[in-house]
Amino acid sequence: MTSIPQHGPLDECGRLVHAEDPAAQLALTVSRLEATLAADGLGLADVATLHLSSPDLDAIDGVLDVLTERLDATGARPELLLTRAASLGVPGMLVALDATVAERSTGTLLVVVAHPDDEAFGCGSVLAHAAAHGLRSVVVCATRGELGEPAPGSGLTRADLPTVRERELREACRLLGAERVEVLGYVDSGVDGEPAPDALAAAPAAEVRDRVAALIDDVRPDVVVTLDASDGHRDHAVVRDATLAALEQVAHRPRRTYLFCLARSLMREFTGVATLGTPDEDLTTLVDVADLLDLRWRAIRTHASQVPPFDAMGPELQHGFLAVDRLRRVDPPWAGGPPETTWLPAHLAGRPTTTLTKEPLP
Ligand SMILES: [Zn+2]
């Protein structure tokens, strides 16, 4: 953490401006802080914690929207701490702000999935993309995939699957650069039928939500990615709903939250069913991950107990699914416009070496 010490509504000579006007003092203090950040190439979006002190918290509370509107406008999600100060050293001064900025070299991705292989068949290149950009990543998997189909010729039975699939999950995550894997230990619900009593689909929704929320507050991710559940598997829907509900109650609010999506156009081509997949027009984020295909395939093949759906596709459709990651940004809400080309927040996106493309001179 880098500390950006006290800012207040003072001019260059240290004289108070806007005496006794809390809204004007707060607005000036925020713009002073932004100017200091800008000098370091930073913005409010880089601020991790914002500490507001005031001798008159009631007056500041009444005008706090001056600050929150600015934070919303810049996509900033700092932890905001308000404390009452006996005095700020200057008579009539109503507000001071201290900020800390997270180290720019770190960022964390949290991927929440339902079964071993969701992290590789689904989010494999999201994890690989994170590792390539120096982010640490953590994978939460709700079950051990007990109801998967053992791959023909694997010699495995259903009874072998929990142990084998957890091992495959951990190995795939290691390949994809995830540094921590948390298995919640629910039982795979399967696609349909009455779920077992200890199955994920039978668990109280609030319990799953609270367990995911506790992990979000522990991991403190910059970005959360979970499944869009558009393939109709009920466990995927439970994980998606629990993650989105958890984000409503966490103390640590990630900068960005995404659903990892199966595109409707590709799902229609693959299955012939018109209603599976997320409608293509709802995709907000298209990331070219063709350069990560080799690693993605190694992670997919690590799940040797399972037959990946890609094996049933022609090369073109397979490439369509695997060479581009498609996501839908849930938070901050998508305002429309052309899709993003990365899910990395701005303060992390600039980290890899930038390739400059120079147009040839006419
Ligand atoms: Zn799954």
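Residues numbered from 1 in each chain as written. Predicted model: local features only at pLDDT ≥ 70, side-chain atom pairs only at ≥ 80, totals over all residues.

Below, the discussion takes up the sheet that holds strand β8 (residues 223-227). Strands sit in the order β7-β6-β5-β8-β9-β11-β10 across an open sheet of seven strands; the sheet is mixed. Edge positions in the sheet fall to β7 (178-186) and β10 (285-288), since each has one partner strand and no second. Here the average twist between neighbouring strands, direction ignored, is 25°. As paired strands, β8 and strand β9 (residues 256-260) are joined by five bridges and run parallel to one another. Paired with Val224 across the bridge in β9 is Thr257. (Pairing = 2+ DSSP bridges. Helix = DSSP H or I, 4+ residues; strand = E, 2+ residues; numbered from the N terminus. Axes fitted to C-alpha atoms, helices over the stretch in contact; angles between N-to-C directions.)

Glancing now at the domain arrangement of the chain. By domain assignment, the chain separates into domain 1 (2-101) and domain 2 (108-346). Placing the centre of domain 1 and that of domain 2 at their C-alpha centroids yields a distance of 40 Å. (Domains from an automatic or database assignment.)

Here we come to the packing of helix α5 (residues 124-132) against helix α10 (residues 293-302). Running from amino to carboxyl end, α5 crosses α10 at an angle of 130°, the nearest separation of the two axes being 9 Å. Relative to α10, α5 is oriented oblique. Note on packing geometry: the crossing formed by α5 with α10 is right-handed. From α5, Gly124, Ser125 and Ala128 reach across to α10, where they touch Leu295, Arg296, Ala299 and Ile300. (Parallel < 35°, antiparallel > 145°, perpendicular 65-115°, else oblique. Left-handed = near helix turned anticlockwise from the far one by under 90°. Contact = placed C-beta atoms within 7 Å.)

Okay, the packing of helix α6 (residues 161-175) against α10 next. In contact at an axis separation of 8 Å, α6 and α10 are set at 170° when each is read in the N-to-C sense. Accordingly, the angle class assigned to the pair α6 and α10 is roughly antiparallel. Of the residues in α10, those touching α6 at Glu168, Glu171, Ala172 and Leu175 are Leu295, Arg298, Ala299 and Thr302. Grouping the constituent residues of the contact of α6 with α10 by class yields four nonpolar, one polar and three charged. (Nonpolar A, V, L, I, M, F, W, Y, C, P; charged D, E, K, R; others polar.)

So, about unusual backbone geometry. Note that the residue after Asp331, namely Pro332, is joined by a cis bond; omega there is -5°. Mapped onto the elements of the fold, Pro332 is located in the loop between β11 (324-331) and α12 (346-349). One non-glycine residue with positive phi stands out, namely Glu20, at about 65°. A positive phi angle is found at Arg220, which is not glycine, with a value near 50°. Tracing the chain through its elements places Arg220 in the loop between α7 (205-219) and β8.

All right, on to the pairing of β8 then. The side chains of a regular strand alternate, first on one face of the sheet and then on the other. Within β8, five of the five residues are buried, which leaves it mostly tucked inside the rest of the structure. Bridge count between strand β5 (residues 108-113) and β8: four bridges; the pairing is parallel. In the strand pairing of β8, Leu110 is matched with Val224. Running through helix α8 (residues 234-246), the crossover from β8 to the neighbouring parallel element β9 is right-handed. (Buried ≥ 20, exposed ≤ 12 C-beta atoms within 10 Å, placed from the backbone. Right-handed = clockwise from strand over helix to strand, strands pointing away.)

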